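Descriptive analysis of the structure
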2 protein chains.
Amino acid sequence: MRSSRSFPTLEDVAKAAGVSTATVSRCLNTPDRVIKPTREKVMKAVDALGYTPNFGARVMAAKRTFTIGAIIPTMENAIFARGLQAFQEELHRHGYTLLVSSTAYRPELEEEQIRALVARGADGLLLIGYDRDPALNAYLHQRAIPTLIAWAFKPEIPKPAIGFDNRAAMARLTREVLAQGHRRIGVISGIAKGNDRAAERLAGFAEALGATGLDLRDMPVIETPYGFENGENAMIRLMQTDARPTAVMCGNDVLAAGALRGARALGLAVPQDVSVTGFDDIELARIVTPPLTTVHVPHREMGTKAAIALIALVEGGDSLPPTDLGVSIKRRESLGPATPRDEQAG
Amino acid sequence: MRSSRSFPTLEDVAKAAGVSTATVSRCLNTPDRVIKPTREKVMKAVDALGYTPNFGARVMAAKRTFTIGAIIPTMENAIFARGLQAFQEELHRHGYTLLVSSTAYRPELEEEQIRALVARGADGLLLIGYDRDPALNAYLHQRAIPTLIAWAFKPEIPKPAIGFDNRAAMARLTREVLAQGHRRIGVISGIAKGNDRAAERLAGFAEALGATGLDLRDMPVIETPYGFENGENAMIRLMQTDARPTAVMCGNDVLAAGALRGARALGLAVPQDVSVTGFDDIELARIVTPPLTTVHVPHREMGTKAAIALIALVEGGDSLPPTDLGVSIKRRESLGPATPRDEQAG
DNA sequence: AGATACGATGCAAGCGCTTACATCGCTTTA
DNA sequence: TAAAGCGATGTAAGCGCTTGCATCGTATCT
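Residues numbered from 1 in each chain as written. Chains lettered and ligands numbered in written order. Predicted model: local features only at pLDDT ≥ 70, side-chain atom pairs only at ≥ 80, totals over all residues. Heavy atoms only, no water.

1. Considerations on the overall build of chain A
What counts here: The way it works is that DSSP assigns letters per residue, a run of H or I at least four long becomes a helix, a run of E at least two long becomes a strand, and they are numbered from the N terminus. Values of the radius of gyration come from C-alpha atoms, whereas the globule rule sets the reference at 2.2 Å times the count of residues to the power 0.38. Relative accessibility decides the category of a residue: with a 1.4 Å probe and only protein chains considered, values under 20% of the type maximum give buried, values over 50% give exposed, and everything between is partly exposed. Contacts were defined at the residue level, with two residues in contact if any of their heavy atoms lie within 4.5 Å. Accessible surface area values rest on a Shrake-Rupley calculation with a 1.4 Å probe, where residue burial reflects the displayed protein chains alone. When charges are counted, Lys and Arg contribute as positive and Asp and Glu as negative, whereas His and the chain ends are disregarded. The location of each charge is read from NZ of Lys, CZ of Arg, CG of Asp or CD of Glu.
From N to C terminus, chain A includes 13 helices and twelve strands. Expected size for 346 residues packed as a compact globule is a radius of gyration near 20 Å; at 26 Å, chain A overshoots this value by more than 25%. Each principal axis of the C-alpha distribution contributes one length, and for chain A these read about 95 × 40 × 35 Å. Relative to its 346 residues, chain A shows a buried fraction of 55%. Look at the contacts in chain A between residues 6 or more apart in sequence, and 71% of them connect residues 24 or more apart. When the accessible surface of chain A is split by element, carbon and sulfur atoms take 53% of a total near 14200 Å². Looking at charge distribution, chain A has the averaged site of its 41 positive side-chain charges lying 6 Å from that of its 39 negative ones.

What follows is the structure in structure tokens.
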């Protein structure tokens, strides 16, 4: 029976300390507005009763929760975890609490989660990427919830965002691959629908290809949900075709780690027989054998800066311009030159 | 200015729909107690205004939040992530929302987080492990917050828990290592203080050792915070002593992955020159080279069952007995027989 | 047709807290 | 010494929602 639970209230404390509820409230929130002996009396009563303020009541009266909500596609791998950890640490430093919710890469769940967080009084929201139902955007706009978009950055969209240009990053990486002489390049992409980061990465690939006179449509592309096993299976499928790619670029490091294993299962050496690249530069990228050439994303920096930006947004209301953190290409052993025997044209 | 934000309230909806607030409330909570045309009228108004109930007010009036809080040591690696994901999915299936908070392995933060979650009206709490300040336990008990302990299981402690016996598991794994002829075994443990899982694993190691007539005190043990780099450094330290261990058992897979890399840095082959074991069997264990022999923990099962158990606790109030999920040993290439030349005694 | 019952809806009392404003008593100032 | 000022504390009005109880209108029964 929940109803039998009855916690001490502000009033109980006030009674026990022989003061008014206002004084107790002040002791808790603005201690310097209360004279010391009073404060001590009150604090003693608080301890004695094991009092904890009722959050709901507080929110209702004060309109501020010092809570920030974050909704991420998944907690299952380190892609968001690391940045989020930094995000939380910075938030904590400023007296905010982070509440996290994950959608398991099911965009349709995001709305529900956003509403839950907003209803719980989140002062601000951290969201991943731009792709979102217009109705949801309208809702967010209407409620004027300070919202920051992270892990993505599109210069042309004027929303507060902090991240990097997925398309440009992938284009750069693709150029490196091309520079190694690869002309037949496979792609193992995440599901692009509902995930603008995945879509942009693919677009960046196409872009770089185009600049070299190649065409995306000639390349074998597999879309698959993120996941180690999926990367492995996709790799196997890719390498079992007649016109094998000499390099396979993956949508993220997890997929790439799977691809590496797929290659091994096929008895292919990386990078001698086939090159593999990842994206994100999570710890995993350095752990696998061979280590992955990948796009280095400054996860922790992104988390920290996102916290600062979001707090500014919440407290100041000023809408900062989108910030591009920039990325760098991390060259490691998984990418090598294309081997002649694989050139099939002509 | 936050004050300029003004959300539609129940009353606004009521006015717009031409009914009382009670009716609107009923439409939202007990739709079948409202006749259909009324309901439609109300719902239209709800949509038009973009109304979302104020959670604080609702909690205050209704005393139930359908929110479960979870506090985990870290989000940075997959150890808890996977189980937590399953936990959330199951919760969601039952109409509950999960709020996650992490302590970054700083036990002193746990109290703060617990209070934050409780204050926010969490109906129940998922906590990792038993180690906890008595005052905190008292607080939890006083407020009668349904609490479930996960990732650990000690038959002798009568609190609701779902997990596995870390000590027994580590003892089993140690026996396997001993069976391979290893007599000098190094350990890279997580920090045991404030982390009963780490402490229990160490205890299990000592226990198995004792049964073979060996003594923990003769073995090189390094305690270090969890983390890939830390595992690597610890491994290097361990292998640079005169009396090198022929096997190194690590407190978790992340540490073990680091150890593998440390071995490689030293030019040591695993398992020929030194065997390495992990714990948890996260994805990483199969990704590294060589794959890790480790303790397989049923993460997703644990998450799902934890959700079911916690909901039962919250709704029924009945305190289930602790549940031991059991673990299994996953033999993979990182563990091999002890090589004679390393035997240094006599 | 009048009495009865019942389902749909409205009314209004809180839930526990914050805070603007009022009050009180003391110190400062002329 | 009386007026003015100021800091510490108390008073009480909500904040937005749920829900027990009152009310009302219609269907049902005799």
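2. What about the relation of the copies chain A and chain B?
In plain terms, the rule: Here the copies are superposed with least squares, the fitted atoms being C-alpha atoms of residues at a pLDDT of at least 70 in both.
Expressed as a screw operation, the relation of chain A to chain B combines 0.0 Å of axial shift with a rotation of 180°, fitting to an RMSD of 0.3 Å. Look at the turn and shift together and you get a two-fold axis relating the two. In terms of C-alpha distance to the rotation axis, chain A has Gly56 of chain A as its closest residue, with the C-alpha 2.0 Å off the axis.

3. Here we look at helix α1 (residues 10-17) of chain B
Helical periodicity: at 3.6 residues per turn, an α-helix aligns residues three or four positions apart in one direction. Residue and element names in this part refer to chain B. Our working definition: In this description, the arc belongs to the directions extending from the helix axis to the C-beta atoms.
Within α1, burial applies to Val13, Ala14 and Ala17. One side of α1 holds all its buried residues, which, seen down the axis, span an arc of 100°. Exposed positions of α1 whose direction lies more than 90 degrees from the buried face are Lys15 and Ala16. Lining the buried residues of α1 we find α2 (21-29) and α3 (36-49). In the segment just after α1, Gly18 is the residue with positive phi, at about 70°.

4. Quick notes on the protein's contact with DNA strand C
To keep things clear, this is the line we draw: Residues are counted as near a molecule or strand when any one of their heavy atoms sits within 4 Å of it. Pairing of N or O atoms within 3.5 Å defines a polar contact, subject to two protein rules: one partner must be a possible hydrogen donor and the other a possible acceptor, and residues neighboring in sequence count only if both atoms are side-chain atoms. Amino acids outside the nonpolar list (Ala, Val, Leu, Ile, Met, Phe, Trp, Tyr, Cys, Pro) and the charged list (Asp, Glu, Lys, Arg) are all regarded as polar, and Gly is one of them.
In the vicinity of DNA strand C there are 25 residues, among which Leu10, Ser25 and Tyr51 of chain A together with Thr23 and Thr38 of chain B approach most closely. In this structure, Arg26 of chain B approaches DNA strand C through a side-chain N or O atom, which is 2.8 Å from a base nitrogen. Its residues assigned to classes, the surface near DNA strand C comprises 13 nonpolar, eight polar and four charged.

5. A look at the nonpolar core
The cut-off we apply is this: Working definition of a nonpolar core: buried Ala, Val, Leu, Ile, Met, Phe, Trp, Tyr and Cys residues. They are joined through side-chain atoms within 4.5 Å.
Ranked by internal contacts, the top residues of the largest apolar core, which has 152 residues, are Phe87 of chain A together with Phe87 of chain B. Contacts of Phe87 of chain A, omitting those with residues within four sequence positions, involve Ile68, Ala70, Leu98, Leu126, Gly303, Thr304, Ala306, Ala307 and Leu310 of chain A. Formed by 24 residues, the second largest nonpolar core is a distinct cluster that contains Leu140 of chain A together with Leu99, Ala122 and Ile145 of chain B.

6. Looking at the layout of surface pockets
The gaps left among the atoms become clear once a water-sized probe is rolled over them. Selection criterion: Here a cavity denotes a set of grid points, spaced 1 Å apart and computed over the protein atoms alone, in which a 1.4 Å probe fits but from which it cannot get out, and a pocket denotes an open set meeting protein on both sides within 12 Å along at least five of seven lines; residues with an atom within 4 Å of a point are reported as lining. Grid points are joined across faces, edges and corners, and a volume is the space filled by probe spheres set on the points.
For the second largest pocket, the calculated volume is near 960 Å³. Secondary-structure elements contributing two or more residues to the lining of the second largest pocket are α6 (107-119) and α7 (134-143) of chain A together with α2, α3, α4 (55-62), α5 (78-93) and β2 (97-102) of chain B.

7. Quick word on the packing of aromatic side chains
We apply this condition: Two rings belonging to Phe, Tyr or Trp (six-membered ring only in the last case) form a pair when the distance between their centres is within 6.5 Å. Interplanar angles under 30 degrees mark stacking, angles over 60 mark edge-to-face geometry, and anything in between is tilted. The criterion for a charge sitting over a ring is simple: Lys NZ or Arg CZ within 6 Å of the ring centre, and within 35 degrees of the ring normal.
Applying the stated criterion across every chain, the model contains six aromatic pairs over all chains. Across from the ring centre of Tyr139 of chain B, 4.2 Å away, lies the NZ or CZ of Arg115 of chain B, which sits over that ring.

8. Regarding the domain arrangement of chain A
Residue and element names in this part refer to chain A. Condition: Start and end positions for the domains come from either an automated domain assignment or a database one. The quantity reported as buried area is the accessible area (1.4 Å probe) lost by two parts once they are put together, taken as the sum for both. The salt bridge definition used is simple: a Lys or Arg side-chain nitrogen within 4 Å of an Asp or Glu carboxyl oxygen.
Parsing chain A into structural domains produces domain 1 (2-53), domain 2 (67-164 + 298-326) and domain 3 (166-297 + 330-342). Carbon and sulfur atoms make up 57% of the surface buried where domain 2 meets domain 3, a total of about 1400 Å² over both sides. Here Glu283 makes a salt bridge to Arg82, at a shortest N to O gap of 3.9 Å. The set of elements that each furnish at least two residues to the side of domain 2 that touches domain 3 consists of α5 (78-93) and α13 (299-316). Tallying contributions element by element places α5 first for the side of domain 2 that touches domain 3, with four residues. By residue class, the composition of the side of domain 2 that touches domain 3 is 13 nonpolar, three polar and three charged.

9. Structural notes on the interface of chain A and chain B
Listed as interface residues are 65 residues of chain A and, on the opposing side, 64 residues of chain B. Between chain A and chain B lies a buried interface of about 5400 Å² when both sides are counted; carbon and sulfur atoms form 49% of it. Arg286 of chain B is the salt-bridge partner of Glu229 of chain A, the closest N and O atoms lying 2.9 Å from each other. Counting across the interface, chain A meets chain B through 15 residue pairs in polar contact (both at pLDDT 80 or more). When its residues are assigned to classes, the side of chain A that touches chain B shows 31 nonpolar, 16 polar and 18 charged.

10. As for the protein's contact with DNA strand D
Residues in contact with DNA strand D amount to 25 residues; listed here are only the nearest, Thr23 and Thr38 of chain A together with Leu10, Ser25 and Tyr51 of chain B. Close to the protein, within 4 Å, the atoms of DNA strand D belong to sugar or phosphate groups at a rate of 58%. Within the backbone of Leu10 of chain B, an N or O atom sits 2.2 Å from a phosphate oxygen of DNA strand D. Listing elements by their share of the surface near DNA strand D, those giving two or more residues are α2 (21-29) and α4 (55-62) of chain A together with α2 and α4 of chain B. By residue class, the composition of the surface near DNA strand D is 13 nonpolar, eight polar and four charged.

11. A look at the packing of α5 of chain A against α13 of chain A
Residue and element names in this part refer to chain A. As a reminder of what qualifies: Here an angle of 0 to 180 degrees is reported between the N-to-C directions of two axes, which are lines fitted to C-alpha atoms, with helices fitted over the stretch in contact. Put simply, angles under 35 degrees are roughly parallel, angles over 145 are roughly antiparallel, angles from 65 to 115 are roughly perpendicular, and the rest are oblique. Less than a right angle of anticlockwise turn of the near helix away from the far helix marks a crossing as left-handed, whereas a clockwise turn marks it as right-handed.
At a closest axis distance of 7 Å, the pairing of α5 and α13 adopts a crossing angle of 40°. Relative to α13, the element α5 lies oblique. As α5 runs across α13, the sense of the crossing is right-handed. In contact with Ile79, Arg82, Gly83, Gln85, Ala86, Phe87, Glu89, Glu90 and Leu91 of α5, α13 contributes His299, Arg300, Gly303, Thr304, Ala306, Ala307, Ile308, Leu310 and Ile311. Considered class by class, the residues forming the contact of α5 with α13 number nine nonpolar, five polar and four charged.

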